[in-house]
Amino acid sequence: MSTPPLAAAAATQTVATRLAQLAQELVPESTPRITFEAPRHREFGDFSTNCAFSLAKSARQAPQAVANQLVERAKNDPELHTLLSEIEAVAGFINIRLAPSQWQATLDEIIAAGKQFGRNTLANHPRVSLEFGSANPTGPLVVVQGRTLSIGATLANTLRFCGVNVTTEWIINDAGNQLETFGRSLYARYRQHTDPAYPFPEDGYPGSYVEPIAQLLRARDGAIWEQAEESAWLPVFSLFGRDTIVADQQAVCTRFGVEYDCWQSERELHEQGAVQRGIAALTAQGLTYEADGALWFAATQFGDDKDRVLARSDGRPTYYAGDVAYHADKYRRGAERLIDILGPDHHGYIGRLKALVAALGKPDTLEVLIAQQMTLIRNGELVSMSKRAGQIVTLADVIEEVGVDAARFFFIQSSTDSPLTFDLALAKRTTEENPVFYVQYGHARIAALLRKAPVERVAAAQARPALAPLTEPSELALIRRLAELPEVVTGVALHNAPHRLAKYARDIATDFHQCYAHTRVLTDDNPTTEARLALAIATKGILATVLTLAGVSAPEQM
RNA sequence: GCGGUCGUAGCUCAAUUGGAUAGAGCAACAGGCUACGAACUUGUAGGUUGGGGGUUCAAGUCCCUCCGACCGCACCA
């Protein structure tokens, strides 16, 4: 079941059609197509159209003159008269304001749809595979990855809300030598328990989180690895380290409200032969060749900068070969549209990833989002973050400091491709500066209102009361805002733009707070009270919907 | 050197993909609670959208060119 077309949308469509007929009469040689948009400023009305600009050429008149004549005819049109409370031409634009009755009918439909309102707007959308967050299993999640997690999870939630089948994926990069380096670091800490002079690898992982893992291993296995050959202990330490780290990463994800459908081990793809099959698939199409002892994929045939190595001269497959197998596997499991969210240091990967899906026969089905860099500041000073140098600010730390709600909301506030500066001290010191509290306060304020209101009034408000008392400009503006939900979530889903959700949440809260400040809900007049309560209840529900999509709680009180 | 992303108010960010006088929050200043939660609200101030050129009715947005920041350019992951 999907959202029914709203009265306001239908009315706007009727106006557009009628206006197009009037334009045709006015400028017979034109074939006007009239679309309405929400204007930037509220004073410009509910909707506006720039059709006069395109008509101006064939009419051989200034846009403003065309708009004036069109508005003149519209004002004398009986059909439009009942739908509109205002229509005027300003600077070539035609601005309209719908009659209050249209907005009241719209709110009634929103209330009738209940929790279904805004859902399933993309019911026939292709199945999506959404990969984000993927990291080496060699250390705890850092704060920067929190941004990727927030963006990915919000996107996944919104796509599902729109009725799209989504699989969320994380690949564990456990096949390369980074994991072995981690295993050696772990072993060194293990040996240092009994021999403090045991050398630590020069390129090892110095983070303080390694030591506790070594202790776990010693508790499990005792001293049995102290005399062993590296070939014997390395796989044990590497895999134990991986499993411990991945378990921790999963726990942090869960705490952060981010759930995955699939945690794919890269090593497993190799062991199951998927990587070899991926290479074979490319070879079968004549897209590989040997040079300098290595096996290459002719990626330049698909727009990449250069050809890419699949198997090194010693026969070992590259990381890229794993990517070929992984993406082929996503298609095999039924995905039709792939989204990869990568960190800023991976934008050089876009070309080769798009080349490989094209070679797999699925051109233009992959979108790569780059979550831009996040700069951390504390007390005005740059916080340098390097896993290798042991200076890490973990996501768990930040959750501890500012809470899940603030972190989730903050990380999606700016658009994905915009760099972002995060001041830890600021987030800690003055949490009231964070807009998330503004939005949550709106929700809690309505909850308090409903607790305060007489139960009979609330009951009546929940039973689709007459909404004619809602005529204040601030009330109509709030209804208009609520009616935007379907197009907002659709826009988020189609443009990979979670930040619009955060913006929308703030806009709803602003419109509600203004409405609350200008009109009193609990009055002596029952019809008025019930209509206003109904608006408040609808607002509360939509606020909760939007906050939930963003992974933020909607509190009854604060 | 080649390529990518970006540059918007003091700070953090928007701008519905080419539309109106470039908007919000925070910070600053000035107002508003003997009625439903003041974590709110009403105002004021703050800009040559890094500089310059071009395309058209219209450019923060598209093209060219400089300046600057970050990041890629492995048979690492």
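So, how was this worked out
Residues numbered from 1 in each chain as written. Chains lettered and ligands numbered in written order. Predicted model: local features only at pLDDT ≥ 70, side-chain atom pairs only at ≥ 80, totals over all residues. Helix = DSSP H or I, 4+ residues; strand = E, 2+ residues; numbered from the N terminus. Buried ≥ 20, exposed ≤ 12 C-beta atoms within 10 Å, placed from the backbone. Contact = placed C-beta atoms within 7 Å. Axes fitted to C-alpha atoms, helices over the stretch in contact; angles between N-to-C directions. Parallel < 35°, antiparallel > 145°, perpendicular 65-115°, else oblique. Left-handed = near helix turned anticlockwise from the far one by under 90°. Nonpolar A, V, L, I, M, F, W, Y, C, P; charged D, E, K, R; others polar. Near = placed C-beta within 6 Å. Domains from an automatic or database assignment. Expected span 1.5 Å × (residues − 1). Pairing = 2+ DSSP bridges. Arc of directions from axis to C-beta. Core = buried A, V, L, I, M, F, W, Y, C linked by C-beta atoms within 7 Å.

Scanning chain A from N- to C-terminus turns up 21 helices and 14 strands. Each of the three principal axes of chain A carries a C-alpha extent, and together these read 95 × 60 × 45 Å. Per-residue burial for chain A yields a buried fraction of 41% across its 558 residues. Taking the contacts inside chain A whose residues are at least 6 apart along the sequence as the reference set, 74% of them involve residues at least 24 apart.

A word on the packing of helix α1 (residues 7–26) against helix α3 (residues 63–75). Relative orientation of the contacting elements α1 and α3 amounts to 120°, with a least axis distance of 10 Å. Relative to α3, the element α1 is oriented oblique. The handedness of the crossing between α1 and α3 comes out as right-handed. Contact with α1, carried on its side by Leu19, Leu22, Ala23 and Leu26, involves Gln69, Leu70, Arg73 and Ala74 of α3 and no other residues of that element. Among the residues forming the contact of α1 with α3, the class breakdown is six nonpolar, one polar and one charged.

In this section: the protein's contact with RNA strand B. Looking at RNA strand B, there are 67 residues lining it, with Gly176, Asp292, Gly348, Ser414 and Ala448 nearest. Those elements that place two or more of their residues in the surface near RNA strand B are β3 (93–98), α7 (177–192), β14 (420–423), α16 (435–452) and α20 (499–518). The element best represented in the surface near RNA strand B is α16, accounting for nine residues. A per-class count over the surface near RNA strand B returns 27 nonpolar, 27 polar and 13 charged.

A common measure of how large an interface is: the accessible area buried when the components associate. When cut into domains, chain A gives domain 1 (7–98), domain 2 (177–241) and domain 3 (434–549). Centre-to-centre separation of domain 1 and domain 2, based on C-alpha positions: 73 Å.

Next up on the list: helix α21 (residues 526–549). With 24 residues, α21 extends 35 Å between its outermost C-alpha atoms, agreeing within 8% with the 34 Å of an ideal straight helix rising 1.5 Å per residue. Looking one or two residues beyond α21, the residue adopting positive phi is Gly551, at roughly 80°.

The next thing to look at is the sheet that holds β14. The three strands lie next to each other as β13-β12-β14, forming an open sheet whose pairing is mixed. The sheet is open, and its two edges are formed by β13 (381–382) and β14, each paired on a single side. Where strand β12 (residues 374–378) and β14 come together, four bridges link them in parallel fashion. Looking across to β14, one finds that Met374 is bridged to Leu420.

The residue Ala466 is located in the loop between α17 (455–461) and α18 (473–482) in this model. A count of 13 C-beta atoms within 10 Å places Ala466 in the partly exposed class. In the structure, Ala466 is positioned 61 residues away from Pro527 in sequence and 7.4 Å away in space, judged by C-alpha atoms. In contact with Ala466, not counting residues within four places along its chain, are Pro527 and Ala531.

Glancing now at the pairing of strand β8 (residues 294–297). On any regular strand, side chains alternate: one points to one face of the sheet, the next to the other face. The alternating pattern of β8 places Leu295 and Phe297 on a buried face and Ala294 and Trp296 on a face that is not buried. Here strand β7 (residues 288–291) runs beside β8; their pairing, made up of four bridges, is antiparallel. Residue pairing across strands places Tyr289 opposite Trp296, the latter belonging to β8. Once β7 ends, the chain turns through two residues before running back antiparallel as β8, passing Asp292 with a positive phi of about 55°. Sheet topology note: the β8/strand β9 (residues 308–311) ladder contains three bridges and is antiparallel.

Right, let's get into the packing of α7 against helix α9 (residues 230–255). In contact at an axis separation of 8 Å, α7 and α9 are set at 100° when each is read in the N-to-C sense. The angle between α7 and α9 falls in the class roughly perpendicular. When α7 is examined against α9, the residues Leu179, Glu180, Phe182, Gly183, Leu186 and Tyr187 are found in contact with a partner set consisting of Trp233, Leu234, Phe237, Ser238, Gly241 and Arg242. Looking at the contact of α7 with α9, its residues break down into seven nonpolar, three polar and two charged.

Turning our attention to helix α8 (residues 210–221). Compared with an ideal rise of 1.5 Å per residue, which puts 12 residues at 16 Å, α8 spans 17 Å between its outermost C-alpha atoms and is within 8% of the ideal. Restricting attention to buried positions, one finds in α8 the residues Val210, Ile213, Ala214 and Leu217. Each buried residue of α8 sits inside an arc of 100° when the element is viewed along its axis, so together they form one side. Projecting away from the buried face of α8 at angles above 90 degrees are the exposed residues Pro212 and Ala219. Packed against the buried residues of α8 are α7 and α9. Following α8 by one or two positions, Gly222 has its phi on the positive side, about 65°.

Turning to the sheet that holds β3, a few remarks are in order. Strand order in this open sheet of three strands is β1-β3-β2, and the pairing throughout is antiparallel. The open sheet is flanked by β1 (47–49) and β2 (84–90), the only strands paired with a single partner. Going across the sheet, the axis of each strand differs from the next one's by a mean of 20°, ignoring polarity. Bridge analysis of β1 against β3 gives three bridges, and the strand direction is antiparallel.

If you look at the biggest cluster of nonpolar residues, it comprises 138 residues, and the most contacted ones within it are Leu70, Ile94, Leu501, Ala505, Leu535, Val546 and Ala550. With 11 residues, the single largest contributor to this core is α21.

Glancing now at the environment of Lys452. The residue Lys452 is located in helix α16 in this model. On the neighbour-count criterion, Lys452 (10 C-beta atoms within 10 Å) is exposed. With 70 residues separating them in the primary sequence, Lys452 and Leu522 have C-alpha atoms 8.9 Å apart.

The next subject is unusual backbone geometry. A positive phi angle, close to 55°, is found at Ala91, a residue other than glycine. By secondary structure assignment, the location of Ala91 is in the loop between β2 and β3. Given 11 C-beta atoms within a 10 Å radius, Ala91 is considered exposed. In this structure, Asp292 takes a positive phi of about 55° despite not being glycine. Relative to the assigned elements, Asp292 resides in the loop between β7 and β8.

Counting through the fold element by element, Pro201 comes out in the loop between α7 and α8. Spatially, the C-alpha atom of Pro201 lies 7.1 Å from that of Arg184, the residues being 17 residues apart in sequence. Sequence-distant contacts of Pro201, that is, excluding residues within four places in its chain, are made with Thr181, Arg184, Ser185 and Ala188.

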